[in-house]
Amino acid sequence: MIENFELANPNPEFLIKSIAEQGYSLETALADLMDNSITANASRIEVLTKIDNEPFTLFLSDNGEGMSFESLKRNMQFPSKSPEETRETNDLGRFGLGLKTASFSQTRAFTVISRKRGTDVFSGLTWDVNHLKNSGKWEIIINSENEIKEILDLYNTISESHLNNSKDYIPNTIIIWKGLYKFENFLDIKNKQEALKQEITNTTSEYLSIVFHKFMERRTNKINIRINNTLVNPFNPFPLENSSLRALEPLQKEFGKDIVKIQGFVLPNTSIKETKENSNLWTPFNKSLMDMEGLYIYRADRLILFGGWNGLIKKMPRLQLGRLKINIGNKVDHLFHLNVAKSQINIPHDLKNSFLRAIVDLKVEAQKEYFNHGLKTFSHKPTEHSSELFYKIATNKGVLLKINDEFPLLKSLKSSLNKNQKSELNFILKMSSNLINKVRQVDNIEITGNPEKDGISIDDIFNSINELLKLGLSKEQIKKDILPNLGFKNTIPEEIITILN
């Protein structure tokens, strides 16, 4: 047992200011607070600012489960829990530091008032760097009933003065940042106000729309986020519905006690032109395709990292159509060395090969699509009386060109043929479109036996092969040259095997 020792209690002011420098920006700090709101099962989160005079004040509130005084006291401690604790799958926390470090990264005094959902009385606690400096002790201020009432009155007044307030919204937790010191470096108060408005309205709203898009898009347990006058709309970087976004083959890798899921996505070449418009599917207003190129790492549906390749490869224009989605659970996030601000991540050595393999596949497809300028002229869905002989479809093999059966001359020709002639024409058309895609270096989809999906029936193939045999082609020629160009790879129907053996 050690008998000689000296207490080394840290100076509260110095330690607070040091641990606050964890790489937070305003948007990442607010996102960290919102993680707690989501974990507390909130359905609405509000961020309101009061900037008519100094010090500027920011409120973040939610209608989650709220906290009793004892729970609030525990959550205001440094840290409030161990990062090694087993957590629920929907718990977005990590170190038990987020509330404090995120707040102190933007302010030198913050208050939290809270009550358990369904109760009336709020309790409140305040961390104030000036008080810590003057006392030299780790003392947290307990807010009086009058102070809490003043906070609630001010909050309600500000909320009602902004647009999109909800009469049904009953906040159970409110965080108050009094004085935003990072916006104090302007001599003119109007410049301070303008800087904060821009940061909140543009940068922060956009960031939150991306980071929490899955929560805002849910059909059940949906989250609404209001920032001053605006309800934030989700921005999904992977808009599979109503778009020609192409998904590559997914990969899964067991890692620790969880499974890491990796999947590449390729944007259509047309997105390069479409992103020059103010509103488009592919990029938020203030970002370009190259800004959004790269890795998208989700942890329990929350986007931790997006844009850039995290040092694995360099950004380049010809890869701007590539995005790699990675899903990790919160059981293994400690192995990714997630930082306190949840804004940086290190890819474990055990997973690097899987990441690099997925990136190599994605690079090939993204570059191929980038140089596929000619495909812009082809539509996705041919219509009756269409003048286009070909149309394009997005698959995990690439963008395929297919013959349009609704092309008027082709439709007219088919209607004039007997059954055998129609089979032979379908056979030639299938081979032709597959050979065109092969020349374009895009793998064709394997024959499935479904005539609607394949564009040809097994009967048509059977009849045409019989005719080719009668016309003098050998069975070996058909096996070697015909079947692969029809889309047969591993599985060949029994009736076709029979006639070729």
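See the structure printed just above.
First, a word on what this report is: a plain description of the structure on this page. (Residues numbered from 1 in each chain as written. Predicted model: local features only at pLDDT ≥ 70, side-chain atom pairs only at ≥ 80, totals over all residues. Heavy atoms only, no water.)

## Quick look at the overall build of the protein
Moving on, step 1. Across its full length, the protein carries 17 helices and 16 strands.
Moving on, step 2. By sequence separation, contacts in the protein at least 24 residues apart represent 67% of the contacts at least 6 residues apart.
Moving on, step 3. When the accessible surface of the protein is summed, it comes to about 26200 Å², and 50% of that surface belongs to carbon and sulfur atoms. (Helix = DSSP H or I, 4+ residues; strand = E, 2+ residues; numbered from the N terminus. Contact = heavy atoms within 4.5 Å. Areas by Shrake-Rupley, 256 points an atom, 1.4 Å probe, with all protein chains shown as cover.)

## Brief notes about the nonpolar core
Moving on, step 1. If you look at the biggest cluster of nonpolar residues, it comprises 80 residues, and the most contacted ones within it are F110, W177, F212, I225 and I326.
Moving on, step 2. With residues up to four places along the chain from it excluded, the contact list for I225 reads M34, I45, F212, M216, T230, L231 and V232.
Moving on, step 3. With 16 residues, the next largest nonpolar core counts F427, I456, I465 and L486 among its residues. (Core = buried A, V, L, I, M, F, W, Y, C linked by side-chain atoms within 4.5 Å. Buried < 20%, exposed > 50% of the residue type's maximum accessible area, 1.4 Å probe, protein only.)

## A few points about the packing of helix α2 (residues 26-39) against helix α7 (residues 189-211)
Moving on, step 1. The interhelical angle for the contact between α2 and α7, taken along N-to-C directions, is 55°, at an axis separation of 9 Å. One element, α2, and the other, α7, form an angle in the oblique class. For the element pair α2 and α7, the recorded crossing hand is right-handed. Within the contact between the two elements, α2 uses L26, E27, T28, L30, A31 and M34 and α7 uses L196, E199, I200, T203, T204, Y207 and L208.
Moving on, step 2. Among the residues forming the contact of α2 with α7, the class breakdown is eight nonpolar, three polar and two charged. (Axes fitted to C-alpha atoms, helices over the stretch in contact; angles between N-to-C directions. Parallel < 35°, antiparallel > 145°, perpendicular 65-115°, else oblique. Left-handed = near helix turned anticlockwise from the far one by under 90°. Nonpolar A, V, L, I, M, F, W, Y, C, P; charged D, E, K, R; others polar.)

## A few points about the pattern of salt bridges
Moving on, step 1. Applying the stated criterion across every chain yields a total of 15 salt bridges.
Moving on, step 2. The residue E46 makes a salt bridge to R226 at a minimum N-O spacing of 3.0 Å. With E46 in strand β1 (residues 44-50) and R226 in strand β7 (residues 224-227), this residue pair connects regions lying 180 residues apart in the sequence. Just as E46 is buried, R226 falls in that class too.
Moving on, step 3. Note that E365 is salt-bridged to K368, the shortest N-O span being 3.4 Å. Separated by three residues within a single helix, E365 and K368 lie in helix α11 (residues 349-370), roughly one turn from each other.
Moving on, step 4. Classification of E365 as buried rests on a relative accessible area of 11%.
Moving on, step 5. When its relative accessible area of 23% is taken as the criterion, K368 is described as partly exposed.
Moving on, step 6. Ionic contacts of the salt-bridge type, sharing partners, join the residues R246, E365, K368 and E369 into one network. (Salt bridge = Lys/Arg side-chain N within 4 Å of Asp/Glu carboxyl O.)

## Topic: the environment of D460
Moving on, step 1. Mapping D460 onto the fold places it in helix α15 (residues 458-470).
Moving on, step 2. Those residues in contact with D460, other than ones at most four positions away along the chain, are S423, N426 and F427.
Moving on, step 3. A distance of 3.2 Å separates a polar atom in the side chain of D460 from a polar atom in the side chain of N426. (Polar contact = N/O pair within 3.5 Å; in protein donor to acceptor, adjacent residues only side chain to side chain.)

## A word on the sheet that holds strand β2 (residues 57-62)
Moving on, step 1. Within the open sheet, the eight strands sit side by side as β5-β4-β3-β6-β2-β1-β7-β8. Their pairing is mixed. One side of each edge strand has no neighbouring strand; the edge strands of this open sheet are β5 (141-142) and β8 (230-231).
Moving on, step 2. Across two bridges, the pairing between β7 and β8 is antiparallel. Counted as the bridge partner of I227 is T230 from β8.
Moving on, step 3. Along the sheet, helix α6 (residues 145-161) makes contact with β1, β2, β3 (109-114), β4 (123-128), β5, β6 (173-178) and β7, crossing β1 at roughly 95°. (Pairing = 2+ DSSP bridges.)

## As for a nonpolar patch on the surface
Moving on, step 1. On the surface, I2, F5 and L7 cluster together to form a nonpolar patch covering roughly 420 Å² of accessible area.
Moving on, step 2. One can find L7 in the segment before α1 (12-19). (Patch = residues over 30% accessible without salt bridge, like charges linked within 9 Å, V, L, I, M, F, W, Y side chains within 5 Å.)

## Comments concerning the pairing of β2
Moving on, step 1. Where burial is concerned, most of β2 is hidden: six out of the six residues are buried.
Moving on, step 2. Here β2 shows no split at all, with T57, F59 and S61 on one side and L58, L60 and D62 on the other all buried.
Moving on, step 3. The pairing of β1 with β2 spans six bridges and is antiparallel. Bridge pairing links V47 to L60 in β2.
Moving on, step 4. As judged from the six bridges shared by β2 and β6, these two strands associate in the antiparallel manner. Across the sheet, residue F59 finds its bridge partner in β6, namely I176.

## Examining unusual backbone geometry
Moving on, step 1. Residue P55 follows E54 across a cis peptide bond; omega there is 0°.
Moving on, step 2. Even without a glycine there, the phi angle at A300 is positive, about 50°.
Moving on, step 3. Within the secondary structure, A300 is located in the loop between β12 (294-299) and β13 (302-306).

## So, the environment of Q367
Moving on, step 1. Counting through the fold element by element, Q367 comes out in helix α11.
Moving on, step 2. Separated by 47 residues in the primary sequence, Q367 and Q320 have C-alpha atoms spaced 8.6 Å apart.

## So, the pairing of strand β16 (residues 398-403)
Moving on, step 1. Most of β16 is tucked away: five of the six residues are buried.
Moving on, step 2. Pairing of strand β15 (residues 390-395) with β16 involves six bridges; the strand directions are antiparallel. What sits directly across from T395, in β16, is G398.

## Some points on α1
Moving on, step 1. Every buried residue of α1 is accounted for by P12, E13, I16 and I19. Buried residues of α1, seen end-on, are gathered within an arc of 150° and therefore sit on one face of the element.
Moving on, step 2. Buried residues in α1 make contact with α4 (98-104) and α5 (129-135).
Moving on, step 3. The residue sitting at the N-terminus of α1 and contributing the capping side-chain oxygen is N11; that oxygen lies 3.0 Å from the backbone nitrogen of E13. (Arc of directions from axis to C-beta.)

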